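This is what each chain is made of:
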Amino acid sequence: MNGTSCTSRKKKFKQQRRNGNRANTGQSVTSTLSKKQQDIFNAPVKLGDEVLVTIHGIGSSGEGVGRVDDFTIFVPFALPGETVKVAINMVKKTYATGRLLEIVTIAPNRIDPHCDLYGFCGGCQLQHITYEGQLSLKTQKVKDVIERIAHQNPDLVKPTLGPKNPWAYRNKMQMPVGGTKGDIQMGFYAMGSHDIVQGTNCPIQDEGNNIIAQACYQIAKEFDIEPYDEHTGKGVLRHVIGRIGQSGWMIILVTATEHLPHQEKWVEKLTERVPQVETIVHNVNGKRTNVILGPKNSVLYGDGTITDHIKDLRFTLSPHSFFQVNPEQTTVLYDQALAYADLKGTEIVIDAYCGTGTISLFLAYKAKHVIGIEIVEPAITNARENARRNGYDNTEFIVADAAVEIPKLYKAGVRPDVIVFDPIRAGCKEEVLTSAASMEPKRIVYVSCNPATMARDIEILTHYGYELKEVQPVDMFPMTAHVEAVALLTRSKATQ
């Protein structure tokens, strides 16, 4: 086939795709396509089609899930039980996505969203459903992965625990800055992009963070600060971060430059307009990256820290400190982990991803000895300080990869009664699971921010003699598609 003929056939193929005429494309055209292209070509929907879809479930990002001729269609803002008209805007090998055009049959739990920016801002995905409906969807989401991935009985999953008030819960705010000099923008990333949706008032943020955001935005405009442009890497102000603690508030100004213009005036105006501020920090991040904080901090006001509490435990937080963003639900989550650990005061416990020691100290209240393992050295430094500050001398914190350290502890004769996992979204490394199982703890407590990877890890642990007893979802992030969960596994009697 010469080049002219090939070009002609490609043009003909494109025209037939536009006309929706697949029947007459001919074997000579489809044979030139890859297997993936052929699968897309043969899909029952094509780009631009308008189709009716009955929604039967919710996807991992909160979108409705339905089918057309047994082909999966994802539809943002559609709810289970609804029939919707959608315009197909993307077709892949095994699924397509559609833009919601019309709700033909409305779900009884659909409501008007609370926030004016909803649907533009990418922060929330479920404001269009009652909160009771959100909890039900999140419970089903966990049940689905426990059955499909962990191959366990979904009835082991209990109803999701939610807060009394699902609004104004976030104690940490991170707002990107963009626009141009003279027209600075600050707010939230649009759904699926890094375009900034202007806004400094978020209903899921603690009101203190909204006060911080509004003050920083106004001051940046008054000083005519040049915003950072992530496409060119030019500009100054990248992000504004607020943290609300019980002792006071922290403001972090992230710049791409070593120098913060009008530094002294920033401090003067912020302390005047936000009297609750306890410390102000200038963070420098000169790298072209999606990571928000850079490694260098300069304290402009206060000592660079604030203090917060979980129950009776007190924690000092610096700009880089990890801390749960929902104080009320953090207590619920950790209380559940402690209940599953079922400590009587004689147990040795390993906290395999201990971070700054928050769960470790909850466990230390009832355990004989707690060993925390964390690969991030500054986090271990914080964990040791937190233990000292709270008067716990029955803790030990080790800087190490859990996959390496757990076998070392085993060889040293350590035999924990309980092992707790609280990994990142990717879940545990398989070496960690196998090493932990080899220590034969009576109970394993798994705290997860990603139930899908938790289910994968549960399935692995069942092959090493552990039985899933119960899973408790906890809603740490109302109005979003995220859900956390705590699972209890016990060593089976047959293995023992």
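The structure we're discussing is the one just above.
Residues numbered from 1 in each chain as written. Predicted model: local features only at pLDDT ≥ 70, side-chain atom pairs only at ≥ 80, totals over all residues. Heavy atoms only, no water.

Got a minute to help me understand the overall build of the protein in this structure?
A count of helices and strands for the protein gives 12 helices and 21 strands. Of all 496 residues assigned to the protein, the portion counted as buried reaches 53%. Partitioning the contacts of the protein with sequence separation of at least 6, the portion at a separation of at least 24 is 62%. For the protein, the separation between the mean place of its 55 positive charges and that of its 54 negative charges on side chains is 7 Å. (Helix = DSSP H or I, 4+ residues; strand = E, 2+ residues; numbered from the N terminus. Buried < 20%, exposed > 50% of the residue type's maximum accessible area, 1.4 Å probe, protein only. Contact = heavy atoms within 4.5 Å. Lys, Arg positive; Asp, Glu negative; His and termini not counted. Charge placed at Lys NZ, Arg CZ, Asp CG, Glu CD.)

Please clarify how the nonpolar core should be interpreted in this entry.
Burial of nonpolar side chains together is a common tendency in soluble globular proteins. Ranked by internal contacts, the top residues of the largest apolar core, which has 87 residues, are C216, L253, W266, L270, L363 and V445. Among all residues touching W266, those that are not within four sequence positions of it are C216, I219, A220, F223, I225, L253, L260 and P261. With 38 residues, the next largest nonpolar core counts V142, V157, I458 and V483 among its residues. (Core = buried A, V, L, I, M, F, W, Y, C linked by side-chain atoms within 4.5 Å.)

What is the right way to read the packing of helix α4 (residues 131-148) against helix α12 (residues 451-462) from this model?
Geometry of a packed helix pair, given as the angle between the helix axes and the separation of the axes. In contact at an axis separation of 9 Å, α4 and α12 are set at 30 degrees when each is read in the N-to-C sense. Between α4 and α12, the interaxial angle falls into the category roughly parallel. As for how α4 packs across α12, the hand of that crossing is right-handed. On α12, the residues touching V142, V145 and I146 of α4 are P451, A452, M454, A455 and I458. Grouping the amino acids of the contact of α4 with α12 by side-chain chemistry returns 8 nonpolar, no polar and no charged. (Axes fitted to C-alpha atoms, helices over the stretch in contact; angles between N-to-C directions. Parallel < 35°, antiparallel > 145°, perpendicular 65-115°, else oblique. Left-handed = near helix turned anticlockwise from the far one by under 90°. Nonpolar A, V, L, I, M, F, W, Y, C, P; charged D, E, K, R; others polar.)

What's the story with the pairing of strand β7 (residues 183-189) in this structure? I'm lost.
Put simply, side chains in a regular strand alternate between the two faces of the sheet. Of the strand pairs in this sheet, strand β6 (residues 172-180) and β7 are connected by 4 bridges, and their pairing is antiparallel. In the strand pairing of β7, G178 is matched with Q185. With 3 bridges connecting them, β7 and strand β8 (residues 196-198) associate as antiparallel partners. The partner of G187 across the bridge, within β8, is Q198. The turn linking β7 back onto β8 is made up of 6 residues, and G192 within it adopts a positive phi angle of 75 degrees. (Pairing = 2+ DSSP bridges.)

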